[in-house]
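# Tertiary structure, described
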Amino acid sequence: MLRLRIVLWGITLLTCAGWLYSQDIEPPDLLGVIKNIEATLRQLQKDVKDLHGSVKELSKSGRKKPGQPAASPSAVPDSGPAWQLAREAYERGRRSEELKACGPATEEFTKAIQLDPKNDSAFLHRAYCHYELGEYGDAIADLDKSLALQPNNSRAYAKRASALAASGKASAAILDANEAIHRDAKNPAHYLLRASLNQQLGNSPGTMDDFAKAIALAPDSDSAYLARAAFLRSQGQVQKALDDCYQAIRVNSADAAAYVCRAQFYLSTGAAQPALEDINRAMLIGHNPGETTALLASAQNMLRPGQSVGSPAQLPAANSAPALSADTADVAPLLIALPATTTAVTATAPAPAVEKRKTEATDSAARRGQPAVVRNEPPICRDANCSYRNGRLYSDQQRFDEALSAYSEALRLEPKNALFRNARGYAYLRLHQYREAIADFNEALRLNPNYVNASRNRAVAMESAGMAASSR
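Keep in mind it's a predicted model, so treat the numbers as computed, not measured.

What counts, and at which threshold
- Residues numbered from 1 in each chain as written.
- Predicted model: local features only at pLDDT ≥ 70, side-chain atom pairs only at ≥ 80, totals over all residues.
- Heavy atoms only, no water.
- Helix = DSSP H or I, 4+ residues; strand = E, 2+ residues; numbered from the N terminus.
- Buried < 20%, exposed > 50% of the residue type's maximum accessible area, 1.4 Å probe, protein only.
- Contact = heavy atoms within 4.5 Å.
- Areas by Shrake-Rupley, 256 points an atom, 1.4 Å probe, with all protein chains shown as cover.
- Phe/Tyr/Trp six-rings, centres within 6.5 Å; stacked < 30°, edge-to-face > 60°.
- Lys NZ or Arg CZ within 6 Å of the ring centre and 35° of its normal.
- Disulfide = S-S within 2.5 Å.
- Axes fitted to C-alpha atoms, helices over the stretch in contact; angles between N-to-C directions.
- Parallel < 35°, antiparallel > 145°, perpendicular 65-115°, else oblique.
- Left-handed = near helix turned anticlockwise from the far one by under 90°.
- Salt bridge = Lys/Arg side-chain N within 4 Å of Asp/Glu carboxyl O.
- Core = buried A, V, L, I, M, F, W, Y, C linked by side-chain atoms within 4.5 Å.
- Expected span 1.5 Å × (residues − 1).

## So, the overall build of the protein chain
- Across its full length, the protein chain holds 21 helices and 2 strands.
- Within the protein chain, the fraction of its 472 residues that count as buried is 42%.
- Contacts spanning at least 24 positions in sequence make up 53% of the contacts within the protein chain whose residues lie at least 6 apart.
- Only carbon and sulfur atoms are counted for the fraction: they give 53% of the accessible area of the protein chain, which is about 26,000 Å².

Laid out in structure tokens, this is it:
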């Protein structure tokens, strides 16, 4: 400060000297000049005083207080680094969770929570992992913490309801399901959850009402139809359950559970043949082997043991020993091909979405006093899968000529589909066109050498061809 004052005074004196010896200033103005210099000096003194006070204030605020970290221009909030590390741990946990690696995911979520105890999402997803591991108590504890941090999360209420239900506390669970619906009334999954809880509590009207709401919100949800079908079947409403099975297949033809659903109906009505076809399709898609194996055993028990091969006149009726289905899995070899004119297997149920109409043959039969037969006519198709499903429907009705046409159309659109080729081979087999059947089965095996069903069907066709040749 002393140096600053000296400099300022020096500048002032030099200025005064310049004014005193300037040729531009007349002697009579000397008194005015001196007054101006004095005013300038007073202003300089005031400015210096203000500057001194500012420096003193800055010096005071920059002193370090006990226990307080020194301030730095590049400093970040105390939670900055911890929050970043917590976020990284959380994201690692989410990646592991998506890979179904719940153990590693739980460890990462725990790290995220330790670094950021207010991360409600970390608690939520750690709860999901605990639930998948069967640790329902730990899941409920984490969900309690997640909801304490974020009390408006419908997903947390829904998952806690599931964990409570798994712990045998359905009454408490349904309260959480109500909370989930209250916060997200347009989520069909919440209604499906409450439907299952109502079912556990024996509230059938509430169960059906929740299923109806879920399906209204998601009419293309195959899982909703399948859940309702299972409930209806448990209530003895078999036909209504079948309608929902068909709806599930309609909205998702690649859902193995939907074919199992329909197979269960067929088995309940004693229709082994169509049940086998649906079981086979489910197995091809990749359904739970334990469930499909049990259904397959039930279907086999409906069939008589293999009979000795004789002349065509000695062939058994269709409802006692049907030939292999269009896509048969591990079925005991049945080396008897049925005549195309034999009676159909019992009770093949119609698809509810297909319009029913009477044919001219039906009207003629009615005029002759015979029982009227109502057939399901499949819709017109524009893709291979639809044509294949039509073929399946015709095959269910023992209308193998029409099934053959539908399968041929499917193959025209997708000639390298082994499933379609095997299905058409089966139609040829039931029409006694063994050469064509064997050719289709051979092509199916060329396309898929591991196609066990096509191999078994070919064995039936070859055996039947030999029987037909020897009987001539």
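Okay, back to it.
## Some details on the packing of aromatic side chains
- Within this structure, the stated rule accounts for 7 aromatic pairs.
- A ring pair is formed by Y90 and F109, whose centres lie 5.8 Å apart and whose planes are at 50 degrees; its orientation type is tilted. Residue Y90 is located in helix 3 (residues 80-98), and its partner F109 is located in helix 4 (residues 102-115); the two are separated by 19 residues in the primary sequence.
- A relative accessible area of 0% places F109 in the buried class.
- Note on Y388 and Y407: the rings are 5.8 Å apart at their centroids and 40 degrees apart in plane angle, and the pair reads as tilted. Of this pair, Y388 sits in helix 17 (residues 384-396) while Y407 is found in helix 18 (residues 400-413), placing the two residues 19 residues apart along the sequence.
- Through pairs of rings, three or more aromatic residues link up here, namely Y388, Y407 and F420.
- In this structure, K159 is placed above the aromatic ring of Y131, and the distance from its NZ or CZ to the ring centre is 4.2 Å.

## Here's the deal with unusual backbone geometry
- Positive phi, close to 65 degrees, is recorded for K100, a residue that is not glycine.
- In this fold, K100 is placed in the loop between helix 3 and helix 4.
- Classification of K100 by relative accessible area gives exposed; the value is 71%.
- Notably, H432 is not glycine yet its phi reads approximately 65 degrees, a positive angle.
- Here H432 shows up in the loop between helix 19 (418-430) and helix 20 (434-447).
- Residue classification places H432 among the partly exposed residues on the basis of a relative accessible area of 32%.

## Topic: the state of the cysteines
- Within this structure, the stated rule accounts for 1 disulfide.
- Each sulfur of the disulfide joining C245 and C261 lies 1.7 Å from the other. Disulfide C245-C261: the torsion about the S-S bond is -60 degrees, which places it as left-handed. Note that C245 is positioned in helix 12 (residues 238-251) and C261 in helix 13 (residues 256-268), a separation of 16 residues in sequence.
- Its relative accessible area of 0% is what places C245 among the buried residues.
- Owing to a relative accessible area of 4%, C261 belongs among the buried residues under this scheme.
- Of the cysteine sulfurs around C102, a residue in no disulfide, the closest is that of C129, at 4.2 Å.

## Re the packing of helix 10 (residues 204-217) against helix 11 (residues 222-234)
- Running from amino to carboxyl end, helix 10 crosses helix 11 at an angle of 160 degrees, the nearest separation of the two axes being 10 Å. Our classification of the angle between helix 10 and helix 11 gives roughly antiparallel. Judged by the twist between their axes, the crossing of helix 10 over helix 11 is left-handed. Listed contacts from helix 11 to S204, T207, M208, F211, A212 and I215 of helix 10 are A224, Y225, A227, R228, F231 and L232.

## A closer look at the pattern of salt bridges
- Going through the model one piece at a time under the given rule, you end up with 19 salt bridges.
- A salt bridge links D210 to R194, with the nearest nitrogen and oxygen atoms 2.8 Å apart. With D210 in helix 10 and R194 in helix 9 (residues 188-200), this pair connects stretches of sequence that are 16 residues apart. Comparing D210 with R194, the two get one shared label, buried.
- One salt bridge in this structure joins D244 and R228, with 2.7 Å as the shortest N-O distance. In this pair, D244 is assigned in helix 12 and R228 in helix 11, connecting sequence segments 16 residues apart. One exposure class covers both D244 and R228, and it is buried.
- Overlapping salt bridges, with partners in common, bring together R262, E277, D278 and R392 in one network.

## Quick look at the nonpolar core
- One finds Y266 and I279 to be the most contacted residues of the largest nonpolar core, which totals 36 residues.
- Among the secondary structure elements, those contributing two or more residues to this core are helix 9, helix 10, helix 11, helix 12, helix 13, helix 14 (272-285) and helix 15 (289-301).
- Sorting elements by how many residues they give to this core places helix 13 first, with 9 residues.
- Filtering out sequence-adjacent residues up to four positions away, I279 remains in contact with A263, T292, L295, L296 and A299.
- Membership of the second largest hydrophobic core comes to 29 residues, among which are L411, F420, A437 and V460.

## A closer look at the environment of I113
- Mapping I113 onto the fold places it in helix 4.
- We classify I113 as buried; its relative accessible area is 10%.
- Taking the C-alpha atoms as reference points, I113 and A86, separated by 27 residues in sequence, lie 7.1 Å from one another.
- Sequence-distant contacts of I113, that is, excluding residues within four places in its chain, are made with A122, F123 and R126.

## With respect to the side chain of R281
- Take R281: it is sitting in helix 14.
- For R281, a relative accessible area of 14% corresponds to the buried category.
- What R281 contacts, discounting residues up to four positions off in sequence, is S253, Y259, Y388, R392 and L419.

## Some remarks on helix 12
- Compared with the 20 Å implied by 1.5 Å per residue over 14 residues, the 20 Å span of helix 12 between its first and last C-alpha is a close match.
- Taken together, the buried positions of helix 12 are occupied by A241, L242, D244, C245, Y246, Q247, A248 and I249.
- Against helix 11 and helix 13 lie the buried residues of helix 12.

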